[in-house]
Each structure stands twice: as C-alpha cells, then as structure tokens.
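Each chain, written out:
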Amino acid sequence: MRSVVAFSLLSLLPLSLAGPSQHEHEHLRRTASYDPVTTVTQSSDIPIPTAAPIGDPLGPGAGLTPKGQQYRLNSSFEITDTPATRSYDWLIAAQTAAPDGYTRTLITINGLTPGPLIEANVGDTIIVNITNTLSSSTSVHWHGMYQNSTPWMDGVPGMTQCPIAAADDSSNGTFVYEFVAQDYGTYWYHSHSAVQYTDGLQGPLIVHSPDDPLKRDVDFDVEEVIMMTDWYHDEASTIVTELLDSGYQGSVAAPSPQSALLNGQGIYNCSLIDDSLVDDTSGNCTTPDSYPVFSINPSTKYRLRLINSGSHAQFYFSIDEHTLNVTEADSTPVSGADAVHRVPIHNGQRYSVIVDTSSDTNGTGFYMRAEMNTDCFAYVDPTLNTTAFGILAIQEGRGTANLTNITSSDWTDALPDECVDLDDSDLVPIVTKDAPTEVGKRVAFDSAFGVLSVSGESYFRFFVNDTTYTNYVNQPILATVNAGGTPNASAVTTATFEDEYWVGDILINNLDAGLDHPYHLHGYTFFVVARGTGELSLDDAANLDFNTTNPVRRDTVVIPGGGYAILRFTNDNPGVWVVHCHIAWHLASGFLAAIVSRPDDIAALTIPAANEALCSSVDSADLYLTEPGKKRSLNVSHKGFEKRSLHSHHHGRVEKRAKKRLSAADLGMGMVAVKPLGK
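Our subject in this report is the structure included herewith. (Residues numbered from 1 in each chain as written. Predicted model: local features only at pLDDT ≥ 70, side-chain atom pairs only at ≥ 80, totals over all residues. Heavy atoms only, no water.)

### Quick word on the overall build of the chain
Each helix and strand counted, the chain has eight helices and 36 strands in total. Buried residues in the chain amount to 62% of all 679 residues. In the chain, the share of contacts with a sequence separation of at least 24, taken over all contacts with a separation of at least 6, comes to 83%. Split by element, the accessible area of the chain, about 23,500 Å² in all, is 49% carbon and sulfur. (Helix = DSSP H or I, 4+ residues; strand = E, 2+ residues; numbered from the N terminus. Buried < 20%, exposed > 50% of the residue type's maximum accessible area, 1.4 Å probe, protein only. Contact = heavy atoms within 4.5 Å. Areas by Shrake-Rupley, 256 points an atom, 1.4 Å probe, with all protein chains shown as cover.)

### Brief notes about the environment of alanine 52
With respect to the helices and strands, alanine 52 occurs in the loop between strand 1 (38-42) and strand 2 (85-97). The exposure class of alanine 52 is partly exposed, given its relative accessible area of 40%. Alanine 52 has contacts with Ser136 and Ser237, leaving out every residue within four places of it along the chain.

### Describing empty space enclosed by the protein
The gaps left among the atoms become clear once a water-sized probe is rolled over them. Across all of its chains, the model carries twelve cavities of 30 Å³ or more by this definition. In this structure, the largest cavity spans a volume of roughly 220 Å³. For the largest cavity, the lining is made up of 21 residues, of which His192, Ser193, Ala194, Leu587 and Glu627 are closest to its centre. Those elements giving two or more residues to the lining of the largest cavity turn out to be strand 33 (575-581) and helix 5 (584-588). Here the lining of the largest cavity is built from residues that sort into twelve nonpolar, eight polar and one charged. (1 Å grid on protein atoms, 1.4 Å probe; cavity = no way out; pocket = protein on both sides within 12 Å on 5 of 7 lines; lining within 4 Å. Points joined across faces, edges and corners; volume = space filled by probe spheres on them. Nonpolar A, V, L, I, M, F, W, Y, C, P; charged D, E, K, R; others polar.)

### Observations regarding the sheet that holds strand 3 (residues 104-109)
Taken together, the four strands give an open sheet; going across it, the order is 3-2-5-7, and neighbouring strands pair in mixed fashion. Only two strands of the sheet have a single neighbouring strand rather than two, namely strand 3 and strand 7 (174-180). For this sheet the average axis-to-axis angle between neighbouring strands, irrespective of direction, equals 20°. Examined bridge by bridge, strand 2 and strand 3 share six bridges and lie antiparallel to one another. Along strand 3, the bridge assignment pairs threonine 96 with threonine 105. (Pairing = 2+ DSSP bridges. Axes fitted to C-alpha atoms, helices over the stretch in contact; angles between N-to-C directions.)

### So, the state of the cysteines
One pass over the full model with this rule turns up three disulfides. One disulfide in the model links cysteine 270 with cysteine 285; its S-S distance is 1.9 Å. Taking the sign of the S-S torsion, about -70° here, the bridge from cysteine 270 to cysteine 285 comes out left-handed. Taken together, the residues span a long stretch of sequence, with cysteine 270 in the loop between strand 11 (259-262) and strand 12 (273-274) and cysteine 285 in the loop between strand 12 and strand 13 (293-296) at a distance of 15 residues. Neither residue differs from the other here; cysteine 270 and cysteine 285 are each classed as buried. Disulfide partner of cysteine 376: cysteine 419, at an S-S distance of 2.1 Å. Disulfide cysteine 376-cysteine 419: torsion about the S-S bond near -135°, hence left-handed. (Disulfide = S-S within 2.5 Å.)

### So, the pattern of salt bridges
Applying the stated rule across the entire model yields 17 salt bridges. Across the pair arginine 350 and aspartate 330 runs a salt bridge whose closest N-O atoms are separated by 3.5 Å. You can see arginine 350 sitting in strand 19 (residues 350-356) and its partner aspartate 330 sitting in the loop between strand 16 (325-329) and strand 17 (332-335), a full 20 residues away along the chain. Overall, the relative accessible area of 0% leaves arginine 350 in the buried class. The buried category is assigned to aspartate 330, whose relative accessible area is 0%. A salt bridge links arginine 568 to aspartate 505, with the shortest nitrogen-to-oxygen separation between them at 2.7 Å. (Salt bridge = Lys/Arg side-chain N within 4 Å of Asp/Glu carboxyl O.)

### A word on the sheet that holds strand 6 (residues 141-143)
Here we have four strands laid out as an open sheet, ordered 4-9-8-6, and mixed in their pairing. Looking at which strands have only one partner, the edges of the open sheet turn out to be strand 4 (118-121) and strand 6. On average, adjacent strands in this sheet sit at an angle of 25° to one another, irrespective of strand direction. The pairing of strand 6 with strand 8 (residues 185-190) spans three bridges and is antiparallel. Note on strand 8: the bridge partner recorded for histidine 141 is histidine 190.

### Things to note about the layout of surface pockets
Reported here for the largest pocket is a volume of approximately 720 Å³. For the lining of the largest pocket, the secondary-structure elements that each account for two or more residues are helix 2 (236-243) and helix 7 (609-616). At three residues, the largest contribution of residues to the lining of the largest pocket is made by helix 7. Tallied by class, the residues present in the lining of the largest pocket amount to 19 nonpolar, 13 polar and six charged.

Purely geometric stuff here, so don't read any function into it on its own.
See below:
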C-alpha cells in the first residue's frame, strides 16, 4: 500500500473557502439561459413518472472513507492479448456518508462511492453479478462500451432491458451483466435508471491492449484515474421530482450543486448553513480538514485518466505550475494538445493527460484543481465551493513529505465564457483513420428547450424534433424491434439506419442559444466531420466540405448553444442506441433520442432468457410505468428561490439551507416569451 498523507486544511487555505481566485470572478460574466424555443401541444394526458427515493440506508460502511489513490492502476497488471474472464460481485445499497462533510443518504457498490475499479484487456469477458438492495429498481450502463453482439447489455431501461427490480418478496433483485471489452481506453459505468448516478452509482472502467500506442514504462510511469463530479445535498429523486413539477426550489433550470468531489472526496463549508431555517439544529455537517493526496516519486511521467462523472458541471482540470499533455479523448489516443494549462471536460467525457515531474524537488507539493465553469449554470448556489482540490505530493518511496505549507500558484489565464471542448484540430488521433466519404443515410436531430402544453397546463421540457422522451422502462424498444415492431413515435424520436447502409451521419442542431450541451451516443465511436454555428438543414449539410482526414473520434461531444455538429459512424453494430444530453437534469426532462441500427440484424438476434425474465416478471399494472421524462405539473414560471426549509429524506431530518436565497434577478431569468421553432 502506498502511503496517503493527510494535510491540515487550516494550513492549506488560500483556496475557495477563503474566496474565489481572480479567474473565477472573471468567468461569471455569462450564465446559461433556459429560453423556450418551441411549444408542442399534446391532446392527451401525459403519464406520471416515478422518481423513487433511494430508500432506508443500511448504515455507514467502513469502505466509504475516501481514498485519493483508490484508483491507482496496478503496475503489475498484465497487458496481454490473451482473453480472460473477469468476474465481480456487486451489492448495490443505500448508505449514509459525508463525501464533502455533509451527511446524506447515497448509493454505494460494495460500500464504496464511486464504486470499484474494473480493469481488463481487450477481448476479456467482463461478468458483473448485481444484487440490488435499494428500494427501487436499478441498472448499470457501461459508458463507451460498444456492446457489439450484446446490445441487451447496454444497461438502459426502456431501451435495451427492463430494470433490475428491487429485492423483495417477489424478486431476488439480481441480474448478471456479461459482455466483451472490445476496445482499449478510459471508460466508466453508471446507473441509467432515473437519476441514480447523481447519488453515487458510478465508477471507472479501464481497458488495456498491447495495441494501445500509449505504453506504460515508455510514455508514462504511473497511471491514476481521477473521477470528478458535482455533488448535491438533496437526493436526486427529490430534485428531479420538484424540477419536473413547479421547479426545484422554484426554478425549471438544471440546479446548481453544493460542492465538487475528486474520487469521492470534497469540501463543503458547513458554516454557511443557516440553522434558523431548519427544525433540527443538532448538525449533520462537519467541514473536512484534508484534501485527497496523490503521491508519486520525483522524475515521474504521470498519466491521469480524467473522467467527468458529474450531472451538470463542466470542469476545468489543472495542476499548479505543471502543463498537461493531452493524450486521450474519450477512448481515442490523441496528440496535438500539448502544454495545456487547463483541460475542459464535460459530463460523460474522458481525457488522459501526462504530467512530467522531472523538474520537481522531493518533498514538494502542488494543488490539483477541478474547477466548475459556472457559466454552464443558470444560477449558482451561494454556498457552492466551485473547486475540488487534491494535492500532488512529490515524495520518494513511501515516505511522508513535509507539505504543511503549499505555496504553488494557480495559472492566471481565465476560464472561457462558454462551456465547450478543446478544439477538435488539437485532438489528432495517433492511430490514423479517415472517415468514410460516402454516406448511406443522414438524419437530423434538432434539440431544444421548450413548453409542452397539455389541456391548458404547461410543462417545461427538452425536445428532440418536437418530441420529449417518455421512458416506458418495462417496454424496451430493443425487444420491440427484435419482434418486428417499431418504436412508439409519440414517446421518443428515433431514426432507423437500415441494414443496406454501412455509413450514417447524425446532424445535431443545438437550438438552445444559451445552453452548451454534451451529447453522448451509445454503441459507437463517431467521427466529428463538421461543426458550425446556426441551424443547418439536411439539404445544406449535403453541400458541406466535410473533414474526413483523420478527424477526432469520440463518443461524447459538446455542441455549443446555437451550433451544430455532424457525427459520422460506421453502421455495423445492430442495436437500439440512445443519443442524449449527459446533463442528468436535461435527460430527466426528456432530452433523448435513439437510432435503430440494422433492424433486420436486430430481428435475427436472440435476446437472452435472463433479459426476458426481467420483463416477464413485471406486474401488468407496471407495464406503463415511466421514469422522468414527462411529469404532470402546475402552470409554472421561472421563479427564484423561496425562503423555506425543504423537507428531505436524509435521516428523517429537515435539510439545512443556505443563509442566502436567490432571487429571480440572481437567476438571470425573468418571465420569457415562448417562441415558435421557426422551421
């Protein structure tokens, strides 16, 4: 075991608890804008989805104590092309913990959040035995895994499977995921049920290969996974239930978190809680006094596999006084982004960076910073600690470095006003692969925030091609297509890429001028062959000059507000693959479409009996059960925070609220006019 040094927060506090740095002040000039772009009228009533709470916790677990280096990859792991089977037994449970000092109920895997590291080689079979002890159903999606020949293992209830029921008298709450790791790179897993991953059901998945051009002991000496996430003090089910009703804390915008975590550890300033607003003042918040520490030897080339596993915030990752050499975008090895000060990483994205410590002296330390770009938010919680900190400790062997006074300096360049990616031209794939030049079929997905009008009532939702997603979790579309049927067009926008087409284009128009969205496509790595501003028609797309010469390949891409991108893929993976915004609150508000790849091949597949059993055990009364996507609500407006205490499910207590409340002016949101789509 490597030593992990705990440092006193009191000696390290030139940080965000003491006030934001200069560039934090500067980038608060722009806020996300939730201006409705479209109005859709529906004549029939809409179903009420479930957003079940986590349930009663089993109690705190010994494994919940965060460990900065819990995801250091084992240097003795054999990287080979000889396939192996790797099996894991996971107990998914509700427990109590305080990742940032605030005690709340969260979701763990084997007592951990984030969950256990999965490390495998290309060709390995991964088997995960799930036991669900939550009070609600669950699932696990393997983010970035192709699932070629196993589309039923993608882990999306209502699309590829029925959910894994909670253990009770009628169900043992078990299911086995089994699939082959088909490409190397940095991946992660998370629940795709409701908004459970926001509550902690997530973890890293790393796949190696002798074919990976980035070689251990050549390009880098040590590698570590850093999962960064925004963290909320309310359970996600509480947030989404209110968000889809009259608005969470009165706002229909995606909410601000309260803190940020690095590998499950962060800091919230508990002194900002106003005890006068709550009934119970016994206290369930203690400000932590240490940061996670990542110790390496001097003169080390240090690979960090960065994962944004959050629900809303784009992060900018940096290490004081050290430039970052970007070597991977999602699962694609890249070059070109050298000597970067800050790496932007949005929800669902992954980057690898290599840090050179050859100029560092033994016993020194430097701050790691994962700073949220609050320009992505419509409003900012007044108690928000915008940066998660860690410490890069340069120390020989397993000794303890004397780092009680760290004096490293942050970079002075400010964060940009937009929440966008690194430039595509700076992410040049090392393994050269040109995009196909002949396209069999091109489809357009126009995404927009808007108003759903039903029987005189208004519902603020996200739409793709004027349809807001309704997730009938117990009617997976994969099974429907397998049986020769077609998706329900009133519930979800889909596009079919028939078997005769081997190459497809997805044109995505982000019609939200004030919102930058991270779009994730399941089942594929795509080529980004075009980008631009404005709304692009399919006719105009046909005349574009596409970038087909070794363009960047990835599975999650940010499309700025009022812009478009064209994603090109090889249509060789039969399945029903969703494309959605990876901001969890936008997805819960209906921001999802799907592509049906090779329907004839899907019809020829045999769905395993275990998957069919998940659906056959569903009670007929639950056949039309839905998860967040549509919810009956009141007539709503953009309102500010109300001065009220909000009853939560944490330990039967009334949740403590911040001393300051936000007004509508703070939100930057007044009453807005509804504009037609203008097609």
